[in-house]
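Per-entry structural report
Each chain, letter by letter, is given below.
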Amino acid sequence: DDVVDALALSDAAGWNQTAEDWALFIGQGCVHGRRSPRGELVATGAALPYGEGQGWISMVLVATAFRHRGLASELLDDSVAWLRERGLTPVLDATPAGAPVYQRLGFVSGMAFERWEHAGAAFAAPVATLRRAGVQDLPAITAADEGASRVGRRSLLQSFLQRPGTQAWITDDGRGFVIARAGRRATQIGPLVAADEGLAWQLLQQALAAVPGPVFLDLPKRWSQLAAALHAAG
């Protein structure tokens, strides 16, 4: 019942999460929140359990008028405690501005990445043929994802594949895939798994060619060839 209020909070922050994202966190994880004296949802923090002993912290949000009151720290503590009680190591994304805060709490850097955007202009599909993927490919996609990320995200991947409008492609050998799913502001491309940057670029081109509007994707900084290709593509 709180999805509508939570979505309004993330919309106000300009985030790309959807109602399906909030429902996933609430249904399969735990979302802590704070309400104003008038009953408005003004702050949230979410925790989602993964396999391989890890859990994801996300949606740490505070409405503008209620910031600098310690709410974000409280909700982060709640999320960490919820995961620790289940024997899970907390993992999260941090903006450059937020990284020092998390470091003081004992978090350490795992991987640096950048958010890339594309306006959605016409994009040519790659020459290589990639097969369309769906829920029937969940076992292969999960195996490839676990091999690359070292975490178990089957439920998350299943949710992505079952959502209306999601498009996905998989390589013939099942070891590479890409998922493009709807967001509030833009289509989100990812996860993407590939054996090398050349195959990753083919998968990215396939997804970009199929998406008519703006897109977001998160690229690890270490993949310099992909960064150069994306920059050249606008």
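Heads up: the structure comes first, above all this text.
Here we summarise the structure given alongside this text. (Residues numbered from 1 in each chain as written. Predicted model: local features only at pLDDT ≥ 70, side-chain atom pairs only at ≥ 80, totals over all residues. Heavy atoms only, no water.)

**Some points on the sheet that holds strand S2 (residues 41–49)**
Across the sheet, which stays open at both edges, the 4 strands sit in the order S1-S2-S3-S4 with mixed pairing between neighbours. Edge positions in the open sheet fall to strand S1 (30–35) and strand S4 (89–92), since each of these has one partner strand only. Strand-to-strand twist across the sheet, computed as the mean angle between neighbouring axes with direction ignored, equals 25°. Here helix H3 (residues 71–84) sits on the sheet in contact with S1, S2, strand S3 (54–62) and S4, set at roughly 25° to S2. (Pairing = 2+ DSSP bridges. Helix = DSSP H or I, 4+ residues; strand = E, 2+ residues; numbered from the N terminus. Axes fitted to C-alpha atoms, helices over the stretch in contact; angles between N-to-C directions. Contact = heavy atoms within 4.5 Å.)

**Describing the packing of helix H5 (residues 138–149) against helix H6 (residues 154–162)**
Contact pair H5 / H6: the axes reach a minimum separation of 10 Å and the direction vectors enclose 130°. Classed by the angle they form, the pair H5 and H6 counts as oblique. The handedness of the crossing between H5 and H6 comes out as right-handed. In contact with Leu 138, Pro 139, Ile 141, Thr 142 and Asp 145 of H5, H6 contributes Arg 154, Leu 157, Gln 158 and Leu 161. (Parallel < 35°, antiparallel > 145°, perpendicular 65-115°, else oblique. Left-handed = near helix turned anticlockwise from the far one by under 90°.)

**Observations regarding the environment of Arg 175**
Residue position: Arg 175 is located in the loop between strand S7 (167–170) and strand S8 (177–181). By relative accessible area, Arg 175 is classed as exposed at 64%. Between the C-alpha atoms of Arg 175 and Ala 143, which are 32 residues apart in sequence, the distance is 8.1 Å. Not counting the four nearest positions on each side in its chain, Arg 175 is found in contact with Ala 144 and Val 193. (Buried < 20%, exposed > 50% of the residue type's maximum accessible area, 1.4 Å probe, protein only.)

**Looking at the pattern of salt bridges**
Under the defined criterion, the tally for this structure stands at 11 salt bridges. Note that Arg 163 and Asp 21 form a salt bridge whose closest N and O atoms lie 2.8 Å from each other. On the criterion of sequence distance, the pair formed by Arg 163 in the loop between H6 and S7 and Asp 21 in helix H2 (residues 19–28) is long-range, its members being 142 residues apart. Of the residues examined, Arg 163 reaches a relative accessible area of 9% and is grouped as buried. (Salt bridge = Lys/Arg side-chain N within 4 Å of Asp/Glu carboxyl O.)

**Some words on the sheet that holds strand S6 (residues 131–132)**
Sheets are built from strands paired through backbone hydrogen bonds, the pairs being either parallel or antiparallel. Spatially, 6 strands are ordered S5-S10-S9-S8-S7-S6 in an open sheet, and the strand pairing comes out mixed. The open sheet is flanked by strand S5 (113–118) and S6, the only strands paired with a single partner. Across 4 bridges, S8 lies against strand S9 (residues 187–193) in antiparallel orientation. Note that in S9 the partner of Ala 180 across the bridge is Ile 189. Here helix H7 (residues 197–210) sits on the sheet and contacts S7, S8, S9 and strand S10 (215–220); the angle it forms with S9, its principal contact strand, is near 155°. Strands in contact with helix H8 (residues 224–232) are S5 and S10; relative to S10, the strand with the most contacts, it is inclined by about 155°.

**Details of unusual backbone geometry**
Omega for the peptide link from Gly 190 to Pro 191 comes to 5°, which places this bond in the cis form. A positive phi is found at Met 59, a non-glycine position, where the angle reads about 55°. By the element assignment, Met 59 lies in strand S3. Of the residues examined, Met 59 reaches a relative accessible area of 2% and is grouped as buried. Unlike most non-glycine residues, His 68 shows phi in positive territory, near 65°.

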